[in-house]
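These are the residues of each chain, in order.
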Amino acid sequence: DETIQVWQRENEKFNKKISGPKLVNVDASTTKGIDRAKKLGLVQSGLADVVFANLNHYELTMFDSNHRARFFALFRHPIERAVSLFYYLQVAEWEKNANMYQPELASMTIEEWLFRQRRDKGDIMNILMKRFLNKTQFTSKDLEKAKDIVQTKYLVGLTSKMEESV
């Protein structure tokens, strides 16, 4: 398609529009789709209130100084997240990434796994800090900068309060 089209689900029985989200014919989950959205002027058209994407900020190329993006993030308590991941990795045989399925974790305690994670890879906050700040060692000033980024650039929700967050 060479134009942006908007559609809404219809109730076939009554031939009426169903209340709910309107959708546009743009796929923001791929670089090709984002390039198409830019070419068609999706953001500038005002037809989309929300764009779902997860391409490490490539989606920002759709926006400009008159049409700025704001990120939405759902945060999960780090202990809850770690426990969930530990058990998920033991059964995730369907995962395409070979590092995800780790049935050998069933013979390990969660404490042993957490110690190994910290030693081998670093925790998720360090990974995010490395990405945002391009550093490997962090100071309290770096922490304040990271908190400022989240506070000013993100709408934050909590998975423990999902209904209120979305």
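Residues numbered from 1 in each chain as written. Predicted model: local features only at pLDDT ≥ 70, side-chain atom pairs only at ≥ 80, totals over all residues. Heavy atoms only, no water.

Caption draft 1: Just the overall build of the protein, in detail. When helices and strands are counted, the protein shows 7 helices and 6 strands. When the helices and strands of the protein are placed in sequence order, the string is β-β-β-β-α-α-β-α-α-α-α-β-α. Considering the protein as a whole, with its 166 residues, one finds that 21% of them fall into the buried category. Counting every atom, the protein has about 13,000 Å² of accessible surface; 54% of that belongs to carbon and sulfur. (Helix = DSSP H or I, 4+ residues; strand = E, 2+ residues; numbered from the N terminus. Buried < 20%, exposed > 50% of the residue type's maximum accessible area, 1.4 Å probe, protein only. Areas by Shrake-Rupley, 256 points an atom, 1.4 Å probe, with all protein chains shown as cover.)

Caption draft 2: Region of interest: the environment of Q44. For Q44, the location among the structural elements is in helix 2 (residues 42-45). Take Q44: its relative accessible area is 35%, and that puts it in the partly exposed class. Spatially, the C-alpha atoms of Q44 and M62 are 8.8 Å apart, while their sequence positions differ by 18 residues. Once you skip the residues sitting within four places of it in the chain, Q44 turns out to touch M62, D64 and H67. (Contact = heavy atoms within 4.5 Å.)

Caption draft 3: Geometry of the side chain of E59. Residue position: E59 is located in the loop between helix 2 and strand 5 (71-75). Accessibility expressed as a relative area gives 9% for E59, which makes it buried.

Caption draft 4: Expanded view of the side chain of Q102. Position of Q102 among the secondary structure elements: in the loop between helix 3 (78-91) and helix 4 (110-120). A distance of 3.2 Å separates polar atoms of two side chains, one belonging to Q102 and the other to R116. Setting aside its immediate chain neighbours within four residues, Q102 contacts L89, Q90 and R116. (Polar contact = N/O pair within 3.5 Å; in protein donor to acceptor, adjacent residues only side chain to side chain.)

Caption draft 5: Focus on the nonpolar core. With 10 residues, the main nonpolar core is built from I4, V24, V26, A28, I34, A37, L40, L42, V43 and M62. Elements that contribute at least two residues to this core include exactly helix 1 (31-40) and helix 2. It is helix 1 that contributes the most residues to this core, 3 residues altogether. Grouped together as the second largest cluster of nonpolar side chains are 6 residues, F86, L89, L105 and I110 included. (Core = buried A, V, L, I, M, F, W, Y, C linked by side-chain atoms within 4.5 Å.)

Caption draft 6: Quick peek at the pattern of salt bridges. As enumerated under the stated definition, the model contains 4 salt bridges in all. Of the charged contacts in the structure, one is a salt bridge between D35 and K38, with a shortest N-O distance of 3.5 Å. Note that D35 and K38 are positioned in helix 1 at a spacing of 3 residues, about one turn of the helix. A relative accessible area of 33% means that K38 is categorised as partly exposed. (Salt bridge = Lys/Arg side-chain N within 4 Å of Asp/Glu carboxyl O.)

Caption draft 7: Up close: the packing of aromatic side chains. Taken as a whole and assessed by the stated rule, the structure comprises 4 aromatic pairs. Taken together, the aromatic side chains of F86, Y87 and W113 make up a single cluster linked through ring pairs. (Phe/Tyr/Trp six-rings, centres within 6.5 Å; stacked < 30°, edge-to-face > 60°.)

Caption draft 8: Helix 1, seen in detail. Burial in helix 1 covers these residues: G33, I34, A37 and L40. The buried residues of helix 1 occupy one face: seen down the axis, they fall within an arc of 130°. Turned more than 90 degrees away from the buried face of helix 1, the exposed residues are K32 and K39. Once helix 1 finishes, G41 follows within two positions and takes phi at roughly 70°, a positive value. (Arc of directions from axis to C-beta.)

Caption draft 9: Examining the environment of A69 more closely. As for its placement among the helices and strands, A69 is situated in the loop between helix 2 and strand 5. Through-space distance from the C-alpha of A69 to that of V50 is 9.4 Å; in sequence the pair is 19 residues apart. Residues within four places of A69 in sequence aside, it is in contact with L60 and F63.

Caption draft 10: Local environment of the environment of F71. Positionally, F71 belongs in strand 5. Between the C-alpha atom of F71 and that of V150, which follows or precedes it by 79 residues, the distance is 9.0 Å. If we skip the residues at most four places from it in the chain, F71 touches H57, E59, L60, K153, Y154 and L155.

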